[in-house]
Amino acid sequence: MPATPSTLSARLQTLVKGPQFVWWLGHLTMLLCTAFYIPYWATFNSKAGAHWYSRAFLGALVSYGVVVYKSFPQIKFEAQFLQSMLVEENVQYFLMAVFWWRSTPMIAPLVPYAVFAFFNAINYTRTSILPAIFPAGSTDPKASQAAGLSRKIQTWSEKNHGPAMAFVAYVEVIGVMGSLILGAITFQSSFLSPIVYANFLRFRYFFSIHTRNAFAVIRTRLDAKVVGNPKIHPQVLKAYEIARGAITRFGMAAVQQPATPAQ
């Protein structure tokens, strides 16, 4: 294990040369640009803030691009390799970031990426940046404060990560898909957008327990309001059941997981 550089300058130089620092900068860019975009969205002036929207997803492309490159340093144009690559979670989010980057600005798609970026950024700060500034055994009086801050970040992150991921799942299922459907109906976005995103959600359903829970809760609540409700016209109930069945069949379509490599 290489020795820790003795000077702050040397430690910071070592830190910024690593790919993880670029990954962190990508997440930081996503967070800052999302924060700059929100006032435009809140004042119904999304088009004027479109440059912040696109820059936010450029940050996401950088961070997810680093992860994808580290996971798949050598691309093989073979069916099995490409299949295993395309169903990998980070690849899915990278491809969706490309899609959002070129799409009409909306607030909903930014939320999941911003939440992921926030947790990744603060944890990298805890595990890499603070130790680089205040290494173990440092005599700097502020080192104990930094250690205390690190513990607080870890405790807070562990406590809130699960609820945050559940929140993201609801945003992806309801917020993003709802925005795309509304955009398609009002001709603000492409009619293909909901179809593309539905395929992404199908993968999320298979690989994320939070997404499955979100779908289950939404279906239960809709069934409670529609099925058996005497106020609902029979034709409306029939249309709901047909739509529910179609969505279920689409979601349960075979999605082959990548083969587990031999140990």
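Per chain, the residues get numbers from 1 upward, laid out in the order the sequence is written. Per-residue local features of the predicted model are confined to residues with pLDDT of at least 70, and side-chain atom pairs are confined, for both listing and counting, to 80 or more; whole-chain, interface and lining totals are unaffected and use all residues. Heavy atoms throughout the structure, all of them, feed into the side-chain values; hydrogens and water do not.

Some points on the pattern of salt bridges
Part 1 of the argument: Here, a salt bridge means any Lys or Arg side-chain nitrogen found within 4 Å of an Asp or Glu carboxyl oxygen. Scanning the model with the defined rule gives three salt bridges in all.
Part 2 of the argument: In this structure, the salt-bridge partner of glutamate 89 is arginine 204, at a minimum N-O distance of 2.9 Å. Taken together, the positions of glutamate 89 in helix H5 (residues 89–101) and arginine 204 in helix H8 (residues 192–207) put the pair 115 residues apart, joining distant regions of the chain.
Part 3 of the argument: Each residue is placed in one exposure class: buried if its accessible area under a 1.4 Å probe, protein chains only, is under 20% of its type's maximum, exposed if it is over 50%, and partly exposed if it falls in between. Overall, arginine 204 belongs to the buried group, its relative accessible area being 8%.
Part 4 of the argument: With a shortest N-O distance of 2.8 Å, aspartate 223 and arginine 244 are connected by a salt bridge. Taken together, the positions of aspartate 223 in helix H9 (residues 209–226) and arginine 244 in helix H10 (residues 234–251) put the pair 21 residues apart, joining distant regions of the chain.
Part 5 of the argument: In this structure, a network of salt bridges that share partners links the residues Arg219, Asp223 and Arg244. A run of DSSP states H or I qualifies as a helix once it reaches four residues; a run of E qualifies as a strand once it reaches two. Both are numbered from the N-terminal end.

A closer look at the environment of tyrosine 240
Part 1 of the argument: Of note, tyrosine 240 is situated in helix H10.
Part 2 of the argument: Along the primary structure tyrosine 240 and methionine 177 are separated by 63 residues, whereas in three dimensions their C-alpha atoms are 17 Å apart.
Part 3 of the argument: Residue contacts for tyrosine 240: discarding those within four places in its chain leaves Arg219, Leu222, Asp223, Val226 and Val227. Two residues qualify as a contact provided that any one of their heavy atoms is within 4.5 Å of a heavy atom in the partner residue.

Focus: unusual backbone geometry
Part 1 of the argument: Positive phi outside glycine occurs at phenylalanine 44, with the angle close to 55°.
Part 2 of the argument: Along the chain, the position of phenylalanine 44 falls in the loop between helix H2 (19–42) and helix H3 (50–71).
Part 3 of the argument: For phenylalanine 44, a relative accessible area of 79% puts it in the exposed group.
Part 4 of the argument: The backbone of phenylalanine 187 shows a phi angle near 60°, a positive value even though the residue is not glycine.
Part 5 of the argument: Note on phenylalanine 187: relative accessible area 65%, which makes it exposed.

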